[in-house]
Amino acid sequence: MTMTQSIDVKQAYIDAGQQHLFKYWESLSKDEQDTFLKQLSTISNPSKFLADVQKAIQYSSSIAESKVFEPLPRSICYSSILEEPKDTLSEWSSKGLELIANNKVAIILMAGGQGSRLGSSTPKGIYDVGLPSHKSMFQLQCERILKLKRLTAKKFGKAESDVRLPMYIMTSLPTRAATEKFFTEHDNFGLGKDVIFFNQGILPAVTMDGKNLLLGSKSSLVESPDGNGGLYRGLYESRIIDDFRKRGIEHVHAYCVDNILVKVADPLFIGYSAINKYDIATKVVRKLVPSEKVGLIVLDQKARVPCVIEYSEISKELSEMKDPKDPKLLYFRAANIVNHYYNVEFLDRMIPEWIGSRRHLPYHIARKKVKCLDMVTGKLTSPTEPNGLKMEQFIFDIFPSVKLEKFGCLEVERDEEFSPLKNAPGTGSNCAETCREDCLKRSTKWVVDAGGEADGLVEVSPLTSYDGEGLEFVRGHKYEGDVSEI
């Protein structure tokens, strides 16, 4: 960075009222100054960033009151596997398998989150929830890909090596090294060269009023991953779309690493989306109680576009509203599980428009306990109460740019497809114990449905069965107690 560029960067922050960032400037070495300026230069316009933070604060407090919502219209873009005929489900699955066989499908695994809420220092994907096999989240998901490739190869008479189902793993600066090391140590779990890493972005933390950036040291800002909405910038800056084109990829399944029940590259979901020619589709599960902390996929009544209301942004009145046609159900019940389909042609159009033109998705705020430098003592503090805001971008904020008829929403069975790992062990909800139980209950159900008996819980390896198929060998067999992998 030249002297002129250095002066310009500093002046931009001073003009934005951030003089405090340079309190210790003269005490820094030349290398520390250069590193700090490089970090600061990642925000080209700090005044605009802080203005956007203020908008995010206002948006968070007003979203539920400023718009009118209704459930997505079933006649246009909403389907449920709980209600569709078996023939339709079979058609979707067959189409999805055909696309996989023709190497038209890829996977994006969003794995940028740290395991700090779990009490772990490793990325979430490395976490062991306590299955009898002690397989990590990463291993379970990679083995589902391997099994899906084998099922596809067998159905279409191809060699398994000729079925390519590449996995693009989005990490963040805090998780990249540990994730790559874990995959290298396990030989990419059998997926070979079809594992590709890229990074999401990072954003600085600010004070609770959103007016000042926080220092993590005398020569660095406090930063954190920019949320799952960082996917789009990550794809753009890593030129992943170019790689899709080279490989002939037309359809993408994107999901978060923390769902232990995820059906990776689910053929039914891929087929449903492709047959209906959707640009984006999303899976949802049925929200059962108003207090559940899940976002809701809804229709913006005025703009007539799909969107998501986060659980922190929905009013009590909306969350408790009952369906007038069936009072046993919530009116707004399409719970977002961050499980999405993308048509690559859409991504190819959208990403240059949003990212290449330097537009960005809106920021959302998260009130956090942020370790930061005390500007009076010059020492790092560890607060016991929230003292700062972290900015996140959400993957679903691109939904309103999609025409309603090009957006699909597929309701799936919660017990079969959604059990997230969010909280520390022992909390009783969305934690290691509930993930372990939900995973074992699903596989035990498969065993019983296939004619086996179980007086405990049975773990079925993803390499044995992707979705309950191929378990004829358990018929007439009784499994005593909790059983490790079959």
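The sections below set out a description of the structure shown in this document.

Calculation criteria
- Residues numbered from 1 in each chain as written.
- Predicted model: local features only at pLDDT ≥ 70, side-chain atom pairs only at ≥ 80, totals over all residues.
- Heavy atoms only, no water.
- Helix = DSSP H or I, 4+ residues; strand = E, 2+ residues; numbered from the N terminus.
- Rg over C-alpha atoms; globule rule 2.2 N^0.38 Å.
- Buried < 20%, exposed > 50% of the residue type's maximum accessible area, 1.4 Å probe, protein only.
- Contact = heavy atoms within 4.5 Å.
- Areas by Shrake-Rupley, 256 points an atom, 1.4 Å probe, with all protein chains shown as cover.
- Axes fitted to C-alpha atoms, helices over the stretch in contact; angles between N-to-C directions.
- Parallel < 35°, antiparallel > 145°, perpendicular 65-115°, else oblique.
- Nonpolar A, V, L, I, M, F, W, Y, C, P; charged D, E, K, R; others polar.
- Salt bridge = Lys/Arg side-chain N within 4 Å of Asp/Glu carboxyl O.
- Polar contact = N/O pair within 3.5 Å; in protein donor to acceptor, adjacent residues only side chain to side chain.
- Core = buried A, V, L, I, M, F, W, Y, C linked by side-chain atoms within 4.5 Å.

Details of the overall build of the protein chain
Secondary structure assignment for the protein chain yields 13 helices and 24 strands. At 24 Å, the protein chain has a C-alpha radius of gyration in line with the 23 Å of a compact globule built from 486 residues. Summarising its shape, the C-alpha atoms of the protein chain cover approximately 75 × 55 × 45 Å along the three principal directions. Expressed as a percentage of its 486 residues, the buried residues of the protein chain come to 54%. Pairs at least 24 residues apart make up 74% of the contacts formed inside the protein chain by residues separated by at least 6 positions. Per element, the accessible surface of the protein chain, about 22,000 Å² overall, is 50% carbon and sulfur.

Concerning the packing of helix H4 (residues 86-101) against helix H9 (residues 267-275)
Relative orientation of the contacting elements H4 and H9 amounts to 95°, with a least axis distance of 6 Å. With respect to H9, the axis of H4 lies roughly perpendicular. In this structure, H4 uses Leu89, Glu91, Trp92, Ser93, Lys95, Gly96, Leu97, Leu99 and Ile100 to contact H9, whose residues at the interface are Pro267, Leu268, Ile270, Gly271, Tyr272, Ala274 and Ile275. Classifying every residue of the contact of H4 with H9 gives 11 nonpolar, 3 polar and 2 charged.

Quick notes on the pattern of salt bridges
Here the structure, examined in full by the defined rule, presents 32 salt bridges. Between glutamate 417 and lysine 263 there is a salt bridge, and its shortest N-O distance comes to 3.8 Å. Taken together, the residues span a long stretch of sequence, with glutamate 417 in helix H12 (residues 414-417) and lysine 263 in the loop between strand S11 (251-256) and H9 at a distance of 154 residues. Ionic pairing is found between aspartate 449 and lysine 445, a salt bridge with its closest N-O pair at 2.9 Å. Separated by 4 residues within a single helix, aspartate 449 and lysine 445 lie in helix H13 (residues 432-449), roughly one turn from each other. Each of the salt bridges in this network shares a partner with another, and the network as a whole consists of Lys263, Asp266, Lys283, Glu417 and Asp467.

Quick notes on the packing of H4 against helix H5 (residues 137-156)
Packing of H4 against H5 leaves a shortest axis separation of 10 Å and a crossing angle of 95°. Considered as vectors, H4 and H5 are oriented roughly perpendicular to each other. Within the contact between the two elements, H4 uses Leu97, Glu98, Ile100 and Ala101 and H5 uses Leu148, Thr152, Lys155 and Phe156. Within the contact of H4 with H5, the residues separate by chemical class into 5 nonpolar, 1 polar and 2 charged.

Observations concerning the environment of glutamine 19
In this structure, glutamine 19 sits in the loop between helix H1 (3-15) and helix H2 (30-40). With 193 residues separating them in the primary sequence, glutamine 19 and asparagine 212 have C-alpha atoms 9.6 Å apart. Setting aside residues up to four positions removed in sequence, glutamine 19 forms contacts with Tyr13 and Ile14.

Digging into H9
With 8 of its 9 residues buried, H9 lies for the most part within the structure. All of the buried residues along H9 are Pro267, Leu268, Phe269, Ile270, Gly271, Tyr272, Ser273 and Ala274. For H9, the side-chain oxygen to backbone nitrogen distance between the N-cap and leucine 268 is 3.1 Å, and the N-cap itself is aspartate 266. Note on H9: the residue one or two positions beyond its end, lysine 277, has a positive phi of about 55°.

Details of the nonpolar core
Judged by nonpolar contacts, the single largest core of 47 residues is most densely connected at Ile107, Leu109, Phe138, Leu165, Met167, Ile169 and Phe183. Per-element accounting of this core gives the leading share, 6 residues, to H5. In contact with phenylalanine 138, not counting residues within four places along its chain, are Leu109, Ala111, Gly125, Ile126, Thr179, Phe182, Phe183, Phe189 and Val257. Of all hydrophobic cores here, the second largest spans 45 residues; its members include Ile108, Ile241, Cys256 and Ile395.

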